[in-house]
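# Structure at a glance
In case you want the letters, here they are:
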Amino acid sequence: MIQPMEIQRTTMKKEKPDQRQLGFGIHFTDHMFIMDYTLEKGWHQPRIVPYQPLSIDPAAKVFHYGQTIFEGLKAYKTEDGRILLFRPQKNLHRLNISARRLGIPPLDEEAALDALQQLVAADQDWVPSEPGTSLYIRPFVIATQAALGVDPSAHYQFIIIMSPVGSYYPEGINPVRIHVESEYVRAVKGGLGEAKTAGNYASGLKAQVSAKENGYSQVLWLDGVHRTYIEEVGSMNVFFKINGTILTPALNGSILDGITRSSIIQLLKHWGIPVEERKISIEELYEAGGHLEEAFGTGTAAVISPIGELNWNDNKLVIHGGRTGELSARLYDALTGIQNGQLPDPFGWMVQVNHEPSDAAITETTR
Ligand code: COI
């Protein structure tokens, strides 16, 4: 059920950053969305307020036991001024899948989408229009009960913040060099790997730092049991083109069910290009050698990130001469073209944001 929204609109608008130098997740818009959960009331009091710091008890469970989940999705401005969201229902559905895994009470997905649309509408002049830019939207839930016992929190907050962004990696659509990680793992089957939760990203930081120190942008994650089967790359799903067939690791419980991943699979099938979702060993890639024609990561933040080189235990494998492959570029152009409204949307992926807030009590504040 959609509860009536309260909107506190700020008159103290921030200065907007230069759209050609946005970086990723550095600038935040004028407003944010918050809703509370208690055992007695369930999810209640949805509100849009000026962007501001949170006041949270230091004993809140999120700080101690990591009971938190998040999503990432984007809004785009079209040439004729419309604002489009890319498959937002999928993100909110996945947020609930993560919620169930982390013992967090699920949200009403329809109400969450309405809240998200109203927030984007409130900050619509923050959606950038320069090529390669978008408004990154970060919905998340945190456990706020102040209690140190290890059990699910009785209180939560669902929050949405937004950030105008450029490309995620400084390389943009240029290929990155990847270290194949043989020591640390990101997640294991039965653990949290298929949930979008902070711990999966924290577990990757050490390997990421050491890869960077050695001149690599990111790591290729292998499975936690055999250190053999490929799982993800950095914080993205991963694809390989071998002898004209596209391979991607099958979802196995430790891999995130990426929305860009499933969109790429749908596009490839639509184009009649063979796609296989299955186990892929690191040996298989090295045995393919020159037949490994392209490799790329997929995610909301970077969309498509081509891989130019792998380094596995000091064995280097250069892919497509270290240059962006034709299929990677075609996929990037097709997906971003649909997202920014320059190409037709044959799959009905895009959702247009209504510019006017619906059924909301609006007040103005100078905060
Ligand atoms: C994505 O690309 O979807 C991600 O999850 C990256 C994000 C953690 C910055």
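Residues numbered from 1 in each chain as written. Predicted model: local features only at pLDDT ≥ 70, side-chain atom pairs only at ≥ 80, totals over all residues. Heavy atoms only, no water.

## Considerations on the pairing of strand E3 (residues 42-50)
Within a regular beta strand, the side chains point alternately toward one face of the sheet and then the other, so they alternate between its two faces. Put simply, the rule is: Categorising residues by exposure relies on relative accessible area from a 1.4 Å probe, with only protein chains included: less than 20% of the type maximum marks a residue as buried, more than 50% marks it as exposed, and the intermediate range marks it as partly exposed. Secondary structure elements follow DSSP: runs of H or I no shorter than four residues count as helices, runs of E no shorter than two count as strands, and numbering proceeds from the N terminus. A pair of strands counts as paired when DSSP detects no fewer than two bridges linking them.
With eight of its nine residues buried, E3 lies for the most part within the structure. Note that strand E1 (residues 5-10) and E3 share two bridges and pair parallel. Bridging across to E3, isoleucine 7 finds its partner in isoleucine 48. In this sheet, E3 lies alongside strand E2 (residues 31-38) in antiparallel orientation, the contact comprising seven bridges.

## As for the side chain of arginine 186
What counts is decided by this rule: Any pair of N or O atoms that falls within 3.5 Å is considered a polar contact. Within protein, one atom must be able to donate a hydrogen and the other to accept it, and sequence-neighbouring residues count only if both atoms are side-chain atoms. By definition in these notes, contact holds between two residues if any of their heavy atoms fall within 4.5 Å.
Mapping arginine 186 onto the fold places it in the loop between strand E9 (176-181) and helix H4 (198-202). Side-chain polar atoms of arginine 186 contact the side chain of glutamate 232, separated by 3.4 Å. In contact with arginine 186, not counting residues within four places along its chain, are Gly193, Asn200, Ser203, Trp221, Glu232, Ser254 and Leu256.

## Describing the environment of leucine 95
On the secondary structure map, leucine 95 appears in helix H2 (residues 88-101). Residues leucine 95 and glutamate 283, spaced 188 residues apart in sequence, show a C-alpha to C-alpha distance of 34 Å. Apart from residues no more than four positions distant in its own chain, leucine 95 is found in contact with Ile69, Phe70, Glu71, Leu107 and Phe158.

## Overview of the pattern of salt bridges
Put simply, the test is: Criterion for a salt bridge: a side-chain nitrogen of Lys or Arg within 4 Å of a carboxyl oxygen of Asp or Glu.
The full count for this structure, using the stated rule, is 13 salt bridges. Lysine 61 is the salt-bridge partner of aspartate 151, the closest N and O atoms lying 2.8 Å from each other. On the criterion of sequence distance, the pair formed by aspartate 151 in the loop between strand E7 (134-143) and strand E8 (155-165) and lysine 61 in helix H1 (residues 61-65) is long-range, its members being 90 residues apart. Residue classification places aspartate 151 among the partly exposed residues on the basis of a relative accessible area of 48%.

## Observations regarding the site of the ligand
Heads up, the rule is: Throughout this document, a residue counts as near a molecule or strand when at least one of its heavy atoms sits within 4 Å of that molecule or strand. Only the protein chains shown count as cover for residues, with accessible areas throughout obtained via the Shrake-Rupley method and a probe of 1.4 Å. For this classification, the nonpolar set comprises Ala, Val, Leu, Ile, Met, Phe, Trp, Tyr, Cys and Pro, the charged set comprises Asp, Glu, Lys and Arg, and every other residue, Gly included, is treated as polar. Note: domain ranges come from an automatic or database domain assignment.
All residues in the neighbourhood of the ligand are listed as Phe24, Tyr136, Arg138, Tyr168, Lys196, Tyr201, Ser235, Gly299, Thr300 and Ala301. Lysine 196 has a polar side-chain atom sitting 2.6 Å from an oxygen atom of the ligand. Protein chains shield 90% of the accessible area of the ligand, which is 280 Å² for the free molecule. Of the residues assigned to the shell around the ligand, the class counts are five nonpolar, three polar and two charged. Each of domain 1 (5-170 + 347-365) and domain 2 (176-323) contributes no fewer than three residues to the shell around the ligand.

## Some remarks on the environment of alanine 59
Along the polypeptide, alanine 59 turns up in the loop between E3 and H1. Not counting the four nearest positions on each side in its chain, alanine 59 is found in contact with His64, Gln145, Ala146, Ala147 and Leu148.

## Details of the domain arrangement of the protein chain
We count it as follows: By convention, the term buried area covers the 1.4 Å-probe accessible surface removed from two parts as they join, with the contributions of both added.
Partitioning the protein chain into structural domains gives domain 1 (5-170 + 347-365) and domain 2 (176-323). Computed over C-alpha atoms only, the centres of domain 1 and domain 2 are separated by 28 Å. On the side of domain 2, 25 residues touch domain 1, which itself brings 22 residues to the contact. Summing both partners gives a buried area of about 2,000 Å² for domain 1 against domain 2, and 63% of it is carried by carbon and sulfur. Sorting the residues of domain 1 by area buried against domain 2 places Phe70, Arg94 and Tyr169 first, and these three jointly supply 33% of that buried surface. Here domain 1 is connected to domain 2 by zero salt bridges. At the surface where domain 1 touches domain 2, the tally comes to 10 residue pairs in polar contact (both at pLDDT 80 or more). Elements supplying a minimum of two residues to the side of domain 1 that touches domain 2: strand E4 (68-70), strand E5 (73-77) and H2. The greatest single-element share of the side of domain 1 that touches domain 2, amounting to five residues, is contributed by H2. Class assignment of the residues belonging to the side of domain 1 that touches domain 2 gives a composition of 11 nonpolar, five polar and six charged.

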